[in-house]
Amino acid sequence: MAPNRTSHQEKIIRNYYQNRDAIGLQKAQEAVTELYLSEGKKRATVWKRLCSHLEKVGVPETRIEELRESDDPAAVAALLEKIAK
């Protein structure tokens, strides 16, 4: 049985999926900011979240792993800037 949604709810859901790439990019940029400020266990948690966002914006897994191994927030920020253009 399909859930009963109002037209307003349907519009919100449709807009979310249309803007999913932009949302993923914004969240990845926010995670980079957190990465600059974090250390230890917190940094590992931020990396995990950042990797998820990078996958959503279409970054290949091999590139994500390279970035994670280098642990360089500036490199991630440069990549995100290229994607944003």
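To start, this report covers the structure provided alongside it. Treat the numbers as computed from the prediction; the structure is a model and nothing was measured. (Residues numbered from 1 in each chain as written. Predicted model: local features only at pLDDT ≥ 70, side-chain atom pairs only at ≥ 80, totals over all residues. Heavy atoms only, no water.)

### Concerning the packing of helix α3 (residues 40–56) against helix α4 (residues 61–70)
Right, so step 1: As a packed pair, α3 and α4 sit with axes 10 Å apart at the nearest point and diverge in direction by 160°. Judged on the interaxial angle alone, α4 and α3 are roughly antiparallel. Between α3 and α4 lies a crossing of right-handed hand. Contacts between α3 and α4 involve Ala44, Trp47, Lys48, Cys51, Leu54 and Glu55 from the former and Ile64, Leu67 and Arg68 from the latter.
Right, so step 2: Considered class by class, the residues forming the contact of α3 with α4 number six nonpolar, no polar and three charged. (Axes fitted to C-alpha atoms, helices over the stretch in contact; angles between N-to-C directions. Helix = DSSP H or I, 4+ residues; strand = E, 2+ residues; numbered from the N terminus. Parallel < 35°, antiparallel > 145°, perpendicular 65-115°, else oblique. Left-handed = near helix turned anticlockwise from the far one by under 90°. Contact = heavy atoms within 4.5 Å. Nonpolar A, V, L, I, M, F, W, Y, C, P; charged D, E, K, R; others polar.)

### Re the environment of serine 7
Right, so step 1: By secondary structure assignment, the location of serine 7 is in helix α1 (residues 7–18).
Right, so step 2: Between the C-alpha atoms of serine 7 and glutamate 34, which are 27 residues apart in sequence, the distance is 37 Å.

### Quick notes on the pattern of salt bridges
Right, so step 1: Enumeration according to the criterion identifies five salt bridges in this entry.
Right, so step 2: The partner of arginine 63 in a salt bridge is glutamate 66, with the nearest N and O atoms 3.2 Å apart. Taken as a pair, arginine 63 and glutamate 66 lie in helix α4 at a separation of three residues, close to a single helical turn.
Right, so step 3: Counted as one network, the salt bridges with shared partners bring together Glu34, Lys42 and Arg49. (Salt bridge = Lys/Arg side-chain N within 4 Å of Asp/Glu carboxyl O.)

### Things to note about the environment of arginine 43
Right, so step 1: Along the polypeptide, arginine 43 turns up in helix α3.
Right, so step 2: Overall, the relative accessible area of 17% leaves arginine 43 in the buried class.
Right, so step 3: Once the C-alpha coordinates of arginine 43 and aspartate 71 are considered, the two residues, 28 residues apart in sequence, prove to be 9.6 Å apart.
Right, so step 4: The residues touching arginine 43, leaving out its near neighbours within four places in the chain, are Leu35, Ser38, Asp71 and Pro73.
Right, so step 5: Reaching out from arginine 43, the side chain makes a polar contact with the backbone oxygen of serine 38 at a distance of 3.1 Å.
Right, so step 6: Within the structure, the side chain of arginine 43 is placed 3.0 Å from the side chain of aspartate 71, a separation counted as a polar contact. (Buried < 20%, exposed > 50% of the residue type's maximum accessible area, 1.4 Å probe, protein only. Polar contact = N/O pair within 3.5 Å; in protein donor to acceptor, adjacent residues only side chain to side chain.)

Nothing here speaks to function; it is geometry throughout.
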